[in-house]
Amino acid sequence: MVITYVTITYNAAQVLKRTLDSVLQQDYRDIVHLIIDGASTDGTLQIVEDYIQRSNAADNGHRIQVTSEPDHGIYDAMNKGLRSLDGDYVCFLNAGDFLPASDTVSRIVASSSHNGDSPFCEKPAVLYGDTDIVDAEGRFLHHRRLSPPEHLTWKSFRHGMLVCHQAFYARTDFAIATPYDLRYRYSADVDWCIRIMKAAAKENVPLHNLHMVVANYTEEGQTTLHHRESLFERFRVMTRHYGWLSTIAMHVWFVFRSVR
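Residues numbered from 1 in each chain as written. Predicted model: local features only at pLDDT ≥ 70, side-chain atom pairs only at ≥ 80, totals over all residues. Heavy atoms only, no water.

Engineer: A description of the overall build of the protein should follow, citing residues and the corresponding values.
Structural biologist: Across its full length, the protein carries 9 helices and 8 strands. Computed over the C-alpha atoms, the radius of gyration of the protein is 18 Å, within 12% of the 18 Å expected from 2.2 N^0.38 for a compact globule of 260 residues. For the protein, the spread of C-alpha atoms along the principal axes amounts to about 55 × 45 × 35 Å. Counting every position in the protein, which comprises 260 residues, the buried fraction comes to 52%. (Helix = DSSP H or I, 4+ residues; strand = E, 2+ residues; numbered from the N terminus. Rg over C-alpha atoms; globule rule 2.2 N^0.38 Å. Buried < 20%, exposed > 50% of the residue type's maximum accessible area, 1.4 Å probe, protein only.)

Engineer: Describe the pairing of strand β3 (residues 63-68), with residues and values.
Structural biologist: As judged from the 6 bridges shared by strand β2 (residues 31-37) and β3, these two strands associate in the parallel manner. When the sheet's bridge partners are listed, I36 is paired in β3 with T67. Between the parallel elements β2 and β3, the chain passes through helix α2 (residues 44-58) in a crossover that is right-handed. (Pairing = 2+ DSSP bridges. Right-handed = clockwise from strand over helix to strand, strands pointing away.)

Engineer: Would you mind going over the packing of helix α6 (residues 188-202) against helix α8 (residues 227-242) in detail, with residue names and values included?
Structural biologist: In helix packing, the relevant descriptors are the interaxial angle and the interaxial distance, both defined with respect to the helix axes. At a closest axis distance of 9 Å, the pairing of α6 and α8 adopts a crossing angle of 20°. Here α6 lies roughly parallel to α8, going by the angle between them. Seen from above, α6 lies across α8 with right-handed handedness. Where α6 approaches α8, its residues A188, V190, D191, I194, R195 and K198 are matched on the opposing element by E233, R234, V237, R240, H241 and Y242. (Axes fitted to C-alpha atoms, helices over the stretch in contact; angles between N-to-C directions. Parallel < 35°, antiparallel > 145°, perpendicular 65-115°, else oblique. Left-handed = near helix turned anticlockwise from the far one by under 90°. Contact = heavy atoms within 4.5 Å.)

Engineer: Describe the environment of L152, listing the residues and the values that go with them.
Structural biologist: Position of L152 among the secondary structure elements: in the loop between β6 (140-143) and β7 (168-171). In sequence terms L152 and F174 are 22 residues apart; their C-alpha atoms lie 16 Å from each other. Ignoring sequence-local partners within four residues, the contact set of L152 consists of Y128, F157, V163, M197 and L207.

Engineer: Got a sec to walk through the pairing of β7? Specific residues and values, please.
Structural biologist: What you see with β7 is no split at all: F168 and A170 on one side and Y169 and R171 on the other are buried throughout. Of the strand pairs in this sheet, strand β4 (residues 89-92) and β7 are connected by 2 bridges, and their pairing is antiparallel. Across the sheet, the residue bridging to Y89 is R171, located in β7. Relative to β7, strand β5 (residues 126-134) runs antiparallel, the two being bridged by 3 bridges. In the sheet register, V126 faces β7, and the bridge partner there is A170.

Engineer: I'd like to hear about helix α4 (residues 104-113), residue by residue, with values.
Structural biologist: Within the span of α4, buried status applies to T104, V105, I108, V109 and S112. Taken end-on, α4 shows its buried residues confined to a sector of 130°, consistent with a single buried face. Summarising the contacts, the buried residues of α4 are in contact with β1 (3-9), β2, β5, β7 and β8 (207-218). (Arc of directions from axis to C-beta.)

Engineer: I'd like to hear about the pattern of salt bridges, residue by residue, with values.
Structural biologist: Taken as a whole and judged by the stated rule, the model has 13 salt bridges. In this structure, R195 and D191 form a salt bridge, with 2.8 Å as the shortest nitrogen-oxygen distance. Here D191 and R195 lie together in helix α6, a separation of 4 residues that amounts to about one turn. On the accessibility criterion, D191 (0% relative accessible area) is buried. Taken together, the shared-partner salt bridges connect D181, R183, D191, R195 and R240 into one network. (Salt bridge = Lys/Arg side-chain N within 4 Å of Asp/Glu carboxyl O.)

Engineer: Let's hear about the packing of aromatic side chains: which residues, and what values?
Structural biologist: Evaluation of the coordinates by the stated rule reveals 7 aromatic pairs. Judged by centre distance (5.9 Å) and plane angle (85°), the ring pair of Y5 and Y169 falls under edge-to-face. Here Y5 is found in strand β1, whereas its partner Y169 is found in strand β7, with 164 residues between them in sequence. Classification of Y5 as buried rests on a relative accessible area of 0%. (Phe/Tyr/Trp six-rings, centres within 6.5 Å; stacked < 30°, edge-to-face > 60°.)

Engineer: Break down unusual backbone geometry for me, citing the residues and quoting the values.
Structural biologist: Where the residue is not glycine, phi is negative for most of them; where a peptide bond is considered, it is trans in most cases. Of note, N11 is a non-glycine position whose phi angle comes to about 45°, a positive value. Structurally, the position occupied by N11 is in the loop between β1 and α1 (16-24). With relative accessibility at 31%, the residue N11 sits in the partly exposed group. With phi around 50°, D59 is a residue other than glycine that occupies positive phi space.

Engineer: Go over the side chain of T218 with me, naming the residues and quoting the values.
Structural biologist: Within the secondary structure, T218 is located in strand β8. Take T218: its relative accessible area is 8%, and that puts it in the buried class. Residues in contact with T218, not counting those within four places in the same chain, are R18, G96, D97, V134, D135 and A136.

Engineer: Describe in detail the environment of S147, supporting the description with residues and values.
Structural biologist: Relative to the elements of secondary structure, S147 occurs in the loop between β6 and β7. In sequence terms S147 and D130 are 17 residues apart; their C-alpha atoms lie 6.4 Å from each other. Leave out the neighbours within four places in its chain, and S147 touches D130 and L162.

These figures capture arrangement, not role.
Next up, the structure:
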């Protein structure tokens, strides 16, 4: 099984090394790492070049591909990654986020290989797991407040984004068929996950809970920096998929839950 990681970068020299190191240190060989850079002007590309050299020296079997050119934002860059996909599953692991242990990918593959959710042994459309939150220095802060349900469906996200984008491994055929919607600047990842799960449900393909922490997510991301805009946009995404009445009812419940 080949796992592809897509890392989006733009002037990310301060946080990128821990992301790349976490992939470099994986004891699993069949990894493709696509680095989609937006024409960085800091030391990002030098860090990437050093990463390539270290990976080659380690003879770890990983394949690294780098693109550096201007783009129209993070989701446009992610679509570039989708157009270059290889392998069985893809995960978007952005600069500053990282894999929690050197055997993370090995454990993901072992869990999915023994998936009991499908009587026909079809590869799940999505592999999903838990997330830990880290600070700007990569230090553990807390487990993510929202956690994956035992059995995830596209309807689960009515209760919020229960699976972090970095903990969502999409089967590549579903991912390629589902480009990010560039109408959204901050919440296209939520929409993307829902649409992939909808497509899986339509084809009756299972989703598989990995029952493990698969990503460390850096708290200071674009969604955090643009929190208000992100909330409004996420509301639009939810009304698109779940309707106005259901979305308003769930947001009333969110408010009630937060003040209890």
